[in-house]
Amino acid sequence: MGSHTTLTRKKGVYTSLVSGLLFPIHEYLKRHGSVSARKQLEKTQWWSRAQIEQLQLDRLQRLLSHAQAHVPYYRTLFAEIDFKPTAIKAMADLQKLPLLDKAKIRNHIDALKSENAYKLARFNTGGSSGEPLIFYIGNERVSHDVAAKWRATRWWGVDIGDPEIVVWGSPIELGTQDSLRALRDRLFRSKLLPAFEMSEQKLTLFLQEIRSHRPRMLFGYPSALSHIAHHADKVGMRMDDLGIQVAFVTSERLYDEQRQQISKTFGCAVANGYGGRDAGFIAHECPAGNMHITAEDIIVEIVDRDGAVLPMGESGEIVITHLASGDFPFIRYRTGDIGRLDNESCECGRGLPLLKEIQGRTTDFVVAQDGTVMHGLALIYILRNLPQISAFKILQESLDLTRVWIVSENTLDSTISEMIKHEFQARLGKAVNIVIEQVADIPVERSGKFRYVVSKVTPS
Ligand SMILES: [Zn+2]
């Protein structure tokens, strides 16, 4: 995928019908304002950084005034710290407010609801990526998040209504798979493959379904899509002749090798998205290869361990303020993810600021016996280059015990096992017990994600 890729816009009649009529009607019936929001976003993305910042500031003032007038939690907080929304003159003034974390949301779940919220939808993030959380989302936010996703889809020369394969596994979302949802999916030519059952036979079946559906876009976890791609290579099924334009991946860190695998097998570009149900649609990759922040709706701050804002370009925890979240405000919400802001402008010409080096969730990290926190990749590297190993999973049970599950066609010989133990101990500590277990296959997480590294140790 080069920065000079030109995307041909060959929109079919049906896609135009869906994108121009059916989806707007669907959104209208659900009382979402996503159609007008998207049209607005398609203009503002070309604005200068200064114009976008002014827009953020205006919306921030409005959000904070609303919070003071209608949200009990903020009314109390602002009174306690003597904060006046009208005193917000620059983005840095946001730092006068404390950070919001999951514990605070849990403790003030009712006081965080706006008194004049029209309709709140209850959500919870699965427990798979750390602490589970229950929170609420109002209609305005839904519209804005849908619009931001829709805009980013169109960056890649595809649109809602183009045939799509969705590889997803959240049992929560699949639970809502009622007949209405099925009809909606048929109308929008979106087909769901449940990612939590991925046996060899299932994988072959998935490939056949993809072939017969002939999607223009794929959507899913990078681990799941690369897993399917790898299987296609293994069984020698060709997948790069279907006209797939782009694979949208999200919810997990995207490793380079996964990007290459997906891109090679399906013969398409891979577009990374970053965000979550809780924090919103934070950033998305453009065809020039940069992650653009949905800056019209989301202010990103980068903070250090103590919550102090870091200078531009420095790496730290990503904190977001969602400007369309008046019904249940997310103001300075800690995502637990790591990244850095970048001042560069992008070749694509969009003024939306860039977010770089987004690093996985805290669960991507392991802790050595001496307390050193390191990225799970440090351990992944040891295993992934061994040809004898076809799949693996690392489970850090405690500071003293780490399990390594390995799938291999033949019994692992002792020199390899010893080498793995030695390398793991070199990183985690000499006294750590490394237990290697050869298994028939790696069970997928309940969420449908593949996690190469799971640590039960909390960094102190
Ligand atoms: Zn760009």
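Residues numbered from 1 in each chain as written. Predicted model: local features only at pLDDT ≥ 70, side-chain atom pairs only at ≥ 80, totals over all residues. Heavy atoms only, no water.

Asks: Sorry if this is basic, but what is going on with the coordination of the zinc ion here?
Replies: In ideal tetrahedral geometry, four donors around a metal make angles of 109.5 degrees, whereas ideal octahedral geometry with six donors gives angles of 90 or 180 degrees. Taken together, Cys286 (SG), His292 (NE2), Cys346 (SG) and Cys348 (SG) make up the full set of protein donors to the zinc ion, lying 2.1 to 2.3 Å away. Taken together, the 4 donor atoms coordinating the zinc ion span angles of 102 to 120° at the metal, a pattern that classifies the geometry as tetrahedral. Look at where the donors of the zinc ion fall in the sequence and you get C-x5-H-x53-C-x1-C. Here Cys346 lies in the loop between strand E12 (333-342) and strand E13 (354-359) and Cys286 lies in the loop between strand E8 (280-285) and strand E9 (291-293), a separation of 60 residues in the sequence. You can call Cys286 buried: its relative accessible area is 0%. Judged by its relative accessible area of 8%, Cys346 falls in the buried class. (Donors = N, O, S within 2.8 Å, 3.2 Å for Na, K, Ca; no water. Tetrahedral: all angles 85-135°; square planar, octahedral: opposite > 155°, others 65-115°. Helix = DSSP H or I, 4+ residues; strand = E, 2+ residues; numbered from the N terminus. Buried < 20%, exposed > 50% of the residue type's maximum accessible area, 1.4 Å probe, protein only.)

Asks: Looking at this structure, I do not really get the nonpolar core. What am I missing?
Replies: General note: in soluble globular proteins, nonpolar side chains tend to be found buried as a group. Formed by 90 residues in total, the largest nonpolar core has its most connected members in Tyr74, Phe266, Val300 and Leu355. When residues of this core are assigned to their parent elements, the largest contribution, 6 residues, is made by helix H3 (residues 49-70). Those residues in contact with Tyr74 that lie beyond four places of it in its chain are Ala67, Leu100, Leu112, Pro329 and Ile331. Phe392, Ile394, Val404 and Ile434 belong to the second largest nonpolar core, which has 22 residues in total. (Core = buried A, V, L, I, M, F, W, Y, C linked by side-chain atoms within 4.5 Å. Contact = heavy atoms within 4.5 Å.)

Asks: In this structure, what is going on with the sheet that holds strand E19 (residues 453-455)? I would like to understand it.
Replies: Whenever strands of a sheet pair, they do so through backbone hydrogen bonds, lying parallel or antiparallel. An order of E18-E17-E16-E19 is seen for the 4 strands of this open sheet, with the pairing classed as mixed. Every other strand in the sheet has two partners, leaving strand E18 (433-438) and E19 as the edge strands with one partner each. Strand-to-strand twist in this sheet, taken as the mean axis angle between neighbours without regard to direction, amounts to 15°. Direction of pairing for strand E17 (residues 401-407) relative to E18: parallel, over a ladder of 6 bridges. Residue pairing for E18: Leu401 is matched across the bridge by Asn433. On top of the sheet, helix H13 (residues 414-428) reaches strand E16 (391-396), E17 and E18; it is set at about 140° to E18, its chief contact. (Pairing = 2+ DSSP bridges. Axes fitted to C-alpha atoms, helices over the stretch in contact; angles between N-to-C directions.)

These figures come from the coordinates and say nothing about function on their own.
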